[in-house]
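Residue-level structural notes
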Amino acid sequence: MRNIFLFIRRYFTFIAFVLLQVFALWMLFKFNKLHHAAFLGVANEVTGTVNTQVDKLDDYFHQGEENQRVHRMNDSLLNLLQSNFTKTDTAQRLVTDSVMVDTVKGVRRYLWRDAKVVYNTVNSDKNYLQINRGSKFGIRDDMAVLNSDGAVVGYVINVSPNFSSVMSLLHVQSSVSASLKKTGDAGTIEWDGKDPRFVLLRGIAKSVEVKTGDTVLTSRYSYNFPADKMIGTVAQISSDPASGFYNLRIRTAVNFRNIQQVFVVENLQREEQLQLSRDTEKKVEQQKKPNR
Amino acid sequence: MSDLVKNIFRLAVFILVQVYVLNKIPFLHRFIVPYLYFLFVLWLPFSVSRLGLLLVGFLAGLTLDYFTTTPGLHAAACVLIAYARPFIINLLIPKDTAEFNYREPSPRAMGWAPYSLYIFVLTLLHHTYLIMLEWLDFGTFLDFLIKVLATTGISLLLIFTTELLFPRKIKFRTNTA
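Another aspect to go through is the overall build of chain B. Secondary structure assignment for chain B yields eight helices and zero strands. When the helices and strands of chain B are listed from N to C terminus, the series reads α-α-α-α-α-α-α-α. A burial count over chain B gives 37% of its 177 residues as buried. Of the contacts formed within chain B by residues at least 6 apart in sequence, a portion of 65% connects residues at least 24 apart.

So, in structure tokens, the structure goes:
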């Protein structure tokens, strides 16, 4: 017994070192796999306040550029106004609409919320953004994040009351479904951790005709992202000799270095869609059994 | 200023510079990540006990981890260099001169050559471990090697620039202090 105590006293520093290492590695492997970690929630609140202050200063350096972008966006929206168009139909007549719901507009599917980026990096192979909206503002996990031009930035992976963490497209674990504008073929956007100006589009068959400069949009099949939002343009085409697929390098439409304002887009029917797909699976499973 | 206050202040400055300047500078190359914050651990006074070094190192790493949302990554690397630090110092300097005359490691306390070696070994250790942990998740072995070398190079450059720009006042350990 005495020897044990002596041993512990002798190697106390080493034991403390091992314990701290184990604790640090445990955190690393546990929390990096699970994005819903409480750690990140707390970190968000603590670092978020500091980040907001620094970002206030940083804003002054980008105001002109950001203003121009917002102005262009406004311009494109103003052009869509009804008052810009004259009706050429001469057979119009006035009717009183008795339906309470506006049937022309339809049911709202996507809700857009504005947010401001308070922290952002591109230097790591796992890049996150922090935005100044959290669960208090209705932000939840897996919501899409688009920049002020409506191009894809990433998606929310973790929220705290006042802030959220966004996994940028420039994250080696990020995966977003995308499609070519011209042909509609769907693939997946990933990042190889190399150059922050380019991402990769995988899963496009070699039979599809692709040219450099082709536009890549978000897929229509995504639960998170609204359809047909810009991701980027094809910059380089190479084909993978081992499989029947292309390796396409995509120049991102977003300049990840200077994102200031973003939109967080909520798919209001996401739960319904997920529920349906879960139910379908269950139903198919149940139908299988009696047949055997 | 007491050592405690000075080091708390220093930690805050190192973390802020790392998070808001070095992590945000325009992308140079995927192999180059400028790290400077761990210089805090290397600058801690000689008088801190080994256990104290480990705890302070862990805290410093964890603080940076909060900002970079990588819990445990930098903490693990900092604990490693905090553990290795006393061994390297014992190897490099004769005990009766520097450790009794100066408060913390600096070029003047140790001489440029031993100090450079001290910095180099611990920087290499820190980056090797840090990048190995990142590499476990993603990447190839060649990438890992190049990244360790490139990042160590840029860190040494930053450290020596810091050393030249902010020469710390020589602190003699006297009876009155």
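Read on, since the account is not over.
This part takes up the confidence of the model for chain A. For any part of a model where pLDDT is low, the fine detail of the predicted coordinates should not be relied upon. Scored by pLDDT, chain A comes out at a mean of 83, with 87% of its residues at no less than 70. Within chain A, the lowest mean pLDDT, 75, falls on helix H3 (residues 38–59) of chain A, and the highest, 92, falls on strand S9 (residues 215–218) of chain A.

All names here are of chain B. Here chain B averages 84 in pLDDT, while 88% of its residues score no lower than 70. Across chain B, element-level confidence peaks in helix H2 (residues 39–42) with a mean pLDDT of 92 and bottoms out in helix H5 (residues 98–101) with 58. Predicted as a complex, the structure gets a pTM of 0.73 and an ipTM equal to 0.78.

Another point: unusual backbone geometry. Residues and elements named next belong to chain A. Not every positive phi belongs to a glycine, and Asp142 is a case in point at roughly 70°. Position of Asp142 relative to the elements: it lies in the loop between strand S2 (126–131) and strand S3 (144–147). The class for Asp142 is partly exposed, based on 14 C-beta atoms found within 10 Å. One non-glycine residue with positive phi stands out, namely Asp228, at about 60°.

Residues and elements named next belong to chain A. Strand S5 (residues 164–171) sits mainly inside the fold: eight of its eight residues count as buried. Examined bridge by bridge, S2 and S5 share five bridges and lie antiparallel to one another. Each residue of the ladder has a partner; that of Tyr128, found in S5, is Met167. Bridge analysis of strand S4 (residues 152–159) against S5 gives five bridges, and the strand direction is antiparallel. Residue pairing for S5: Tyr155 is matched across the bridge by Met167.

Each partner contributes to the interface: chain A provides 29 residues, whereas chain B provides 26 residues. Listed by contribution, the elements that provide at least two residues to the side of chain A that touches chain B are helix H2 (12–33) and H3 of chain A. The dominant element in the side of chain A that touches chain B, judged by the number of residues it contributes, is H2(A), at 11 residues. Residue composition of the side of chain A that touches chain B, by class: 17 nonpolar, eight polar and four charged.

Reading guide: rules and limits
Residues numbered from 1 in each chain as written. Chains lettered and ligands numbered in written order. Predicted model: local features only at pLDDT ≥ 70, side-chain atom pairs only at ≥ 80, totals over all residues. Helix = DSSP H or I, 4+ residues; strand = E, 2+ residues; numbered from the N terminus. Buried ≥ 20, exposed ≤ 12 C-beta atoms within 10 Å, placed from the backbone. Contact = placed C-beta atoms within 7 Å. pLDDT = per-residue confidence, 0-100. Pairing = 2+ DSSP bridges. Nonpolar A, V, L, I, M, F, W, Y, C, P; charged D, E, K, R; others polar.

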